[in-house]
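Structure assessment
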Amino acid sequence: MTQENLTRRRFAAGAAGLAGLALAGCTTSAPSRRAAAVPVRPADPRPSPTVVAAYGPMPNEQFPLPAIDISKVPERYWRQQVPYPTAERPGTIIVDIDDFYLYLVQEGGMAMRYGVGLGRAGFEWSGRGTVAYKRKWPKWTPPDEMIERQPELEKWSVRNGGMPPGLQNPLGARALYIFQDGVDTLYRIHGSPEYWTIGKAVSSGCVRMLQQDVIDLYERVPPPAPIIVT
């Protein structure tokens, strides 16, 4: 992939990262017609003890995190190591915006795959960048263009010192900051307590992850790390 600027596609605006704001609904396609369909008993939806442990409570965090009811997140978005042949070097982050996956490239043709939520129409982007730095329990400072749309966010502006870290902070437990050509793109990979948004396009441009997943990714990624969003 050639170098290109991170771009925003034009669609309807909105933001759902801050607690209390309405989330965009997801669309569904009409079911196909099948003749005399016989009911099939679904597979056991209960996650394994290993998966439950991976998404269990984290009481030793600066702001203790509750467990995630992972049965309410589609299984395909649970963290797992998968085969992933690619010419990109290990340590590269690849975000697949079509399938709502984030891959961390590993040795031996493998990758750690995470489910993500993505920026909804109007805030989607693609290209190459770099994770310039990362932060635990970061402050959140909405950009001025967001404040213009939602004046009530002025109290969290850069001028007012931003929103303190905590369980209600839109950036969650960890944030990885994406730059391109040395310039802050204002896009982040970050945690979110809103587990129901994984696999959907509802946030205002950032790549959001389950809190336990972004902590796992944070520990695996030393900046500067290349990132590709495609």
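Predicted model, so just to flag it, every value in this text is computed and none were measured. (Residues numbered from 1 in each chain as written. Predicted model: local features only at pLDDT ≥ 70, side-chain atom pairs only at ≥ 80, totals over all residues. Heavy atoms only, no water.)

Focus: the overall build of the protein
If you tally the helices and strands in the protein, you get three helices and eleven strands. Listing each helix as α and each strand as β along the protein from the N terminus yields α-β-β-β-β-β-β-α-β-β-β-β-α-β. Residues classed as buried in the protein amount to 47% of the 230 residues present. Sequence separation of 24 or more characterises 68% of the internal contacts of the protein that already satisfy a separation of 6 or more. (Helix = DSSP H or I, 4+ residues; strand = E, 2+ residues; numbered from the N terminus. Buried < 20%, exposed > 50% of the residue type's maximum accessible area, 1.4 Å probe, protein only. Contact = heavy atoms within 4.5 Å.)

Some points on the side chain of Thr 197
Relative to the assigned elements, Thr 197 resides in the loop between β8 (183-192) and β9 (201-203). Overall, Thr 197 belongs to the buried group, its relative accessible area being 1%. Within polar-contact distance, the side chain of Thr 197 engages the backbone oxygen of Glu 194 at 2.8 Å. (Polar contact = N/O pair within 3.5 Å; in protein donor to acceptor, adjacent residues only side chain to side chain.)

Observations concerning the sheet that holds strand β11 (residues 225-229)
Here we have nine strands laid out as an open sheet, ordered β1-β4-β3-β2-β11-β6-β7-β8-β10, and mixed in their pairing. If you trace the sheet from one side to the other, it starts and ends with β1 (80-83) and β10 (207-210), each paired once. For this sheet the average axis-to-axis angle between neighbouring strands, irrespective of direction, equals 30°. Across four bridges, β8 lies against β10 in parallel orientation. Bridge pairing in β10 places Ser 192 opposite Leu 210. Strands in contact with helix α3 (residues 211-220) are β3 (101-105), β4 (110-115), β6 (127-136), β7 (174-180), β8 and β10; relative to β10, the strand with the most contacts, it is inclined by about 105°. (Pairing = 2+ DSSP bridges. Axes fitted to C-alpha atoms, helices over the stretch in contact; angles between N-to-C directions.)

Quick notes on α3
Each full turn of the α-helix corresponds to 3.6 residues, which orients residues three or four apart in the same direction. Most of α3 is tucked away: eight of the ten residues are buried. Among all positions in α3, only Gln 211, Gln 212, Asp 213, Val 214, Ile 215, Asp 216, Leu 217 and Tyr 218 are buried.

Re the pattern of salt bridges
Within this structure, the stated rule accounts for ten salt bridges. Put simply, Arg 159 and Asp 144 hold a salt bridge, and the shortest N to O gap is 3.3 Å. Pair noted here: Arg 159 is in the loop between α2 (144-149) and β7 and Asp 144 is in helix α2, with a separation of 15 residues, a long-range link. One salt bridge in this structure joins Glu 154 and Arg 159, with 3.0 Å as the shortest N-O distance. Among the ionic contacts, a cluster of salt bridges with common partners joins Arg 79, Asp 213, Asp 216 and Arg 220. (Salt bridge = Lys/Arg side-chain N within 4 Å of Asp/Glu carboxyl O.)

Concerning the confidence of the model for the protein
Do not read the fine detail of predicted coordinates wherever pLDDT is low. Mean pLDDT for the protein: 82, with 78% of residues reaching 70 or above. When the criterion is pLDDT under 50, residues 1-43 qualifies, and its contacts beyond four places in sequence or with other chains add up to 77 contacts. (pLDDT = per-residue confidence, 0-100.)

Thoughts on the nonpolar core
Ranked by internal contacts, the top residues of the largest apolar core, which has 46 residues, are Ile 93, Val 95, Leu 102, Leu 176, Ile 189 and Leu 217. Listed by contribution, the elements that provide at least two residues to this core are β2 (93-96), β3, β4, β7, β8, β10, α3 and β11. No other element matches β3, which puts five residues into this core. Apart from residues lying up to four places away in sequence, Leu 217 is in contact with Leu 102, Leu 104, Tyr 114, Leu 176, Ile 189 and Met 209. Counting residues in hydrophobic clusters, the runner-up holds nine residues, among them Met 146, Ile 147, Leu 153 and Phe 179. (Core = buried A, V, L, I, M, F, W, Y, C linked by side-chain atoms within 4.5 Å.)

Observations concerning the environment of Tyr 177
Take Tyr 177: it is sitting in strand β7. The spatial distance from the C-alpha of Tyr 177 to the C-alpha of Gly 129 is 9.9 Å, given a sequence separation of 48 residues. Sequence-distant contacts of Tyr 177, that is, excluding residues within four places in its chain, are made with Thr 130, Val 131, Ala 132, Tyr 133, Lys 134, Arg 135, Pro 138, Lys 139, Leu 171, Tyr 187 and Arg 188.

Re the environment of Ile 94
Tracing the backbone through its elements, the reader meets Ile 94 in strand β2. Judged by relative accessible area, Ile 94 falls into the buried class, the value being 6%. Taking the C-alpha atoms as reference, Ile 94 lies 4.8 Å from Ile 228; in sequence the two are 134 residues apart. The residues contacting Ile 94, other than those within four sequence positions of it, are Tyr 84, Thr 86, Glu 88, Tyr 101, Leu 102, Tyr 103, Val 105 and Ile 228.

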